[in-house]
Every structure is written in structure tokens, then in C-alpha cells.
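Here is how the chains run, residue by residue.
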Amino acid sequence: MFKKLIVASALATTMMTPALANNFKKPEKAIEYRQSSFSMIAYNFGDMSKMLRKKKPMDAAVFKQRAENVAALAKLPLEAFIPGTYKGNTEALAKIDTKMADFEGKMKTFIKNSELLAQAANNNASHGQLKKAFGAVAKTCKSCHDAYKKD
Ligand code: ASC
């Protein structure tokens, strides 16, 4: 009975863990990894935002590349949110650890929506459609920041 419980909880833990086992040697390395990913995401996302808000001319080829970059980069940060990495040089809140299922769900929505934005860009969607798909991604950024980022 007790053994079964242990196996069940080990399985549950495995399922909660991101697919890639992390290899970070120190907490700072994990923090650096996720901050680097978010920095690249913000750069690519910000440039799309400028084009959509007509702060710079729309360049469809650049926009497509930016959208593909974000879709690829979006997959990176999750594996670096691990226990012991919520103090020091980070704005990530420690409750990510205890709410990992919710956090992971939000990250997966972000990944999914950024893939939909890349698809829209590759299908030559209209300005309005791109704005809508972009807005859906921005909403996922915000929902996670509101819940899990220090303000
Ligand atoms: C950005 C950026 C974020 C998100 C967020 C969207 O460009 O750096 O963190 O968009 O503001 O709500």
C-alpha cells in the first residue's frame, strides 16, 4: 500500500517535470538561461509590436522571422524554473514551485499561441488578423507576469 503510494507520487512528479531533464550546475545558471530566453523573446516580440502599431514600416519577411523566432524561443524558459532558483537576481516568484501545474499550463498556452502567430504570419494573414494573434500571445505574457513575476 505504502509502496504503491510512493510509485504513484513518483509518477506524478515525473509527469509534472518538463520533458528535458535540466543540467544546470548552479541556480544562477538556470536564472541566466531563462532571463536570456526572455530577453530574446522580448526583442523579437517588441519588433513585431512596432510593426503592428505602425511605429515602423511592416516588413512581412521580417515579421515572419520574428514570429518564428518567438515560437521557437517560447519553448526554452520552462525547464529553467526549478527549485532553489527564486532568490538572488530574479523577479520570478517562489510560488512557481508550488503552483507548477498552473505555471506550466500558462507556459504551454504561450507556446501554443506563439505557434498560431507564426502560422498566421506564414499564411500572409491580414494586419488585423496578425494584430489579433499577436494580442493573444501578449495576453499570455501578461497573465503569467501578473501571477508569477515580482512587480
Ligand atoms: C512585451 C514584453 C512583455 C510583454 C507584455 C505583454 O513586449 O517585453 O513582457 O510584451 O508586456 O503584455
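The model shown is predicted, which means the values in this text are computed figures rather than measured ones. (Residues numbered from 1 in each chain as written. Predicted model: local features only at pLDDT ≥ 70, side-chain atom pairs only at ≥ 80, totals over all residues. Heavy atoms only, no water.)

Caption draft 1: Summary view of the layout of surface pockets. The calculated volume of the largest pocket comes to roughly 500 Å³. Every residue lining the largest pocket is counted, 23 residues in all, and those nearest its centre are Arg 34, Phe 38, Phe 81, His 145 and Lys 149. For the lining of the largest pocket, the secondary-structure elements that each account for two or more residues are helix H2 (27-52), helix H5 (100-122) and helix H6 (127-148). No other element matches H2, which puts seven residues into the lining of the largest pocket. Here the residues of the lining of the largest pocket are counted per class, giving 13 nonpolar, six polar and four charged. (1 Å grid on protein atoms, 1.4 Å probe; cavity = no way out; pocket = protein on both sides within 12 Å on 5 of 7 lines; lining within 4 Å. Points joined across faces, edges and corners; volume = space filled by probe spheres on them. Helix = DSSP H or I, 4+ residues; strand = E, 2+ residues; numbered from the N terminus. Nonpolar A, V, L, I, M, F, W, Y, C, P; charged D, E, K, R; others polar.)

Caption draft 2: A look at the UniProt feature "binding site: heme c" (unreviewed entry) in the protein chain. With numbering matched to this structure, UniProt assigns "binding site: heme c" (unreviewed entry) to Cys 141, Cys 144 and His 145. Checked against the lining of the largest pocket, the annotated residues reduce to Cys 141, Cys 144 and His 145. Assignment of secondary structure puts Cys 144 in helix H6. When its relative accessible area of 12% is taken as the criterion, Cys 144 is described as buried. (UniProt positions renumbered as here; feature names shortened; annotations may be inferred. Buried < 20%, exposed > 50% of the residue type's maximum accessible area, 1.4 Å probe, protein only.)

Caption draft 3: Structural detail: the site of the ligand. Around the ligand, the structure places Ala 42, Phe 45, Ala 138, Cys 141, Lys 142 and His 145. Here Ala 138 contributes a backbone N or O atom positioned 3.2 Å from an oxygen atom of the ligand. The protein chains hide 56% of the 310 Å² of surface that the ligand would expose on its own. Mapped by element, the contributors of at least two residues to the shell around the ligand are H2 and H6. (Near = heavy atom within 4 Å. Polar contact = N/O pair within 3.5 Å; in protein donor to acceptor, adjacent residues only side chain to side chain. Areas by Shrake-Rupley, 256 points an atom, 1.4 Å probe, with all protein chains shown as cover.)

Caption draft 4: Examining H5 more closely. For H5, with 23 residues, the first-to-last C-alpha span of 33 Å sits near the 33 Å given by 1.5 Å per residue. Asn 124 occupies a position one or two residues after H5 and carries a positive phi of about 50 degrees. (Expected span 1.5 Å × (residues − 1).)

Caption draft 5: Up close: the nonpolar core. By size, the foremost hydrophobic cluster in this structure holds 32 residues, and its most contacted members are Met 48, Phe 63, Phe 81, Ile 96, Phe 103, Leu 117 and Leu 130. Looking at this core, the elements that each hand over two or more residues are H2, helix H3 (60-73), H5 and H6. Among the elements that take part in this core, H5 stands out by supplying nine residues, more than any other. Apart from the residues within four sequence positions on either side, Phe 103 is in contact with Leu 78, Phe 81, Ile 96, Cys 144 and Tyr 148. (Core = buried A, V, L, I, M, F, W, Y, C linked by side-chain atoms within 4.5 Å. Contact = heavy atoms within 4.5 Å.)

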